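Observations on the three-dimensional arrangement
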Amino acid sequence: MEQEAREIILRELPQLITQDPQIRDWVWHLIHDYAPSRAETESRFDQMLAELKQMREEHQRRWEENQRELSALREEHQRRWEENQRQLRALREEQERRWQEQQKRWEEQQKRWEEQQKRWEENQRELRALREEQERRWQEQQKRWEENQRRLDAMIEAIQKVDHRIDRTIGALGARWGTSTEKAFRDALAGILSESFGVTVERVEYEDESGEVFGHPDQVELDVIIRDGEVLVCEIKSSVSRGDVYIFERKVRSYEKRLGRKVNRLLLISPVIREKDQELAKSLGMEVYADADEVTP
């Protein structure tokens, strides 16, 4: 309802003011009561102009101050920008210099690596060639060795056949000759010692029932020399082995135990005795004579 009334007033009032003087006066008095006077309006306007001028001056002052600050900021920014540019150029130049140095070093390293790679490949080729040559020579030597081995085996087999026949022949002769030689030498030595040196030479023979000497019951034979109460036991053999040394030592201990005599010296005489067997005999307290010139009174 109120909205409709306002629309009617707005639509009809302008025409009524122009046509009806009474309405026009009423509107003028109504406006005059609420609107300020001309003097007041002018006073307010002047005040507004003064305030506006002051505001404009203040704004101008601030604007100039801002301009000065902005100019100072621009100059500082320009100075800093130029300084940053100088530093950036210096940094770029330093980085460029370092990069060039690194590039140079890398190229040198690359060149050295290529040289080392080339040398390594050459060494590998030489090594392969050397290995191939060694393999070829080794195979040739292996073939020669195998051929020589076959020939050697054939020669050894032939020699063994001949040697076996010779051993049988010589063994039979040597056994007979050695036994005879040992007895003849023993008899001669006994005669010389008895006649020339006044010593007693005994041929001791007894039965070893317990097998102490040979490991089974057997006869024990010893040549015993007695001089001024000193007992010497002499073993004369055409050849002496390691087993003969141990048997001789057991013979002497059995003799001491059976007859109650202390043997002062053990003499082992043989032209054929190995050096190791001589060392063994000496370690057992024996005097070894492998040459007639070694025997002293």
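1. Observations regarding the sheet that holds strand S4 (residues 265-269)
The strands that make up a sheet are held in pairs by hydrogen bonds between backbone atoms, and each pair lies either parallel or antiparallel. With mixed pairing, the 5 strands of this open sheet are ordered in space as S1-S2-S3-S4-S5. This sheet does not close on itself; its edge strands, each paired only once, are strand S1 (200-208) and strand S5 (286-289). The mean angle between the axes of side-by-side strands here comes to 30°, regardless of whether they run parallel or antiparallel. Where S4 lies against S5, 4 bridges are found, and the strand directions are parallel. If you follow Leu266 over to S5, its bridge partner there is Met286. Strand contacts of helix H4 (residues 242-259): S1, strand S2 (218-227), strand S3 (230-236), S4 and S5, with the helix running at about 90° to S1, the strand carrying the most contacts. Against the sheet, helix H5 (residues 275-283) contacts S4 and S5, and its axis sits at roughly 150° relative to S5.

2. Focus on the pairing of S4
In terms of residue burial, S4 counts as a mostly covered element, since 4 of its 5 residues are buried. Across 5 bridges, S3 lies against S4 in parallel orientation. Opposite Glu235, over in S4, you have Leu268 as the bridge partner. One crossover worth recording links S4 to the parallel S5 by way of H5, and it is right-handed.

3. Quick look at helix H1 (residues 2-19)
Compared with an ideal rise of 1.5 Å per residue, which puts 18 residues at 26 Å, H1 spans 25 Å between its outermost C-alpha atoms and is within 8% of the ideal. Glu12 marks where H1 bends most, by close to 40°; the proline Pro14 follows one to four residues later.

4. Considerations on the confidence of the model for the chain
Per-residue confidence for the chain gives a mean pLDDT of 77, with 77% of residues at or over 70. For the chain, the element scoring lowest by mean pLDDT is helix H2 (residues 21-34), at 70; H5 scores highest, at 90. pLDDT under 50 marks residues 166-180. Its contacts with residues more than four places away, or in other chains, come to 5 contacts. Low pLDDT, under 50, characterises residues 292-297; the stretch is placed with 4 contacts to residues that sit more than four places away or in other chains.

5. Quick notes on H5
Of all the residues in H5, the buried ones are Asp277, Leu280 and Ala281. Along H5, the residues classed as buried sweep out an arc of 100° about the axis, all on the same side. More than 90 degrees from the buried face of H5, the exposed residues found are Glu275, Lys276, Lys282 and Ser283. Against the buried residues of H5 lie H4, S4 and S5. Following H5 by one or two positions, Gly285 has its phi on the positive side, about 85°.

Definitions and limits used
- Residues numbered from 1 in each chain as written.
- Predicted model: local features only at pLDDT ≥ 70, side-chain atom pairs only at ≥ 80, totals over all residues.
- Heavy atoms only, no water.
- Pairing = 2+ DSSP bridges.
- Helix = DSSP H or I, 4+ residues; strand = E, 2+ residues; numbered from the N terminus.
- Axes fitted to C-alpha atoms, helices over the stretch in contact; angles between N-to-C directions.
- Contact = heavy atoms within 4.5 Å.
- Buried < 20%, exposed > 50% of the residue type's maximum accessible area, 1.4 Å probe, protein only.
- Right-handed = clockwise from strand over helix to strand, strands pointing away.
- Expected span 1.5 Å × (residues − 1).
- Bend = angle between axes of the 7 residues up to and from the residue.
- pLDDT = per-residue confidence, 0-100.
- Arc of directions from axis to C-beta.

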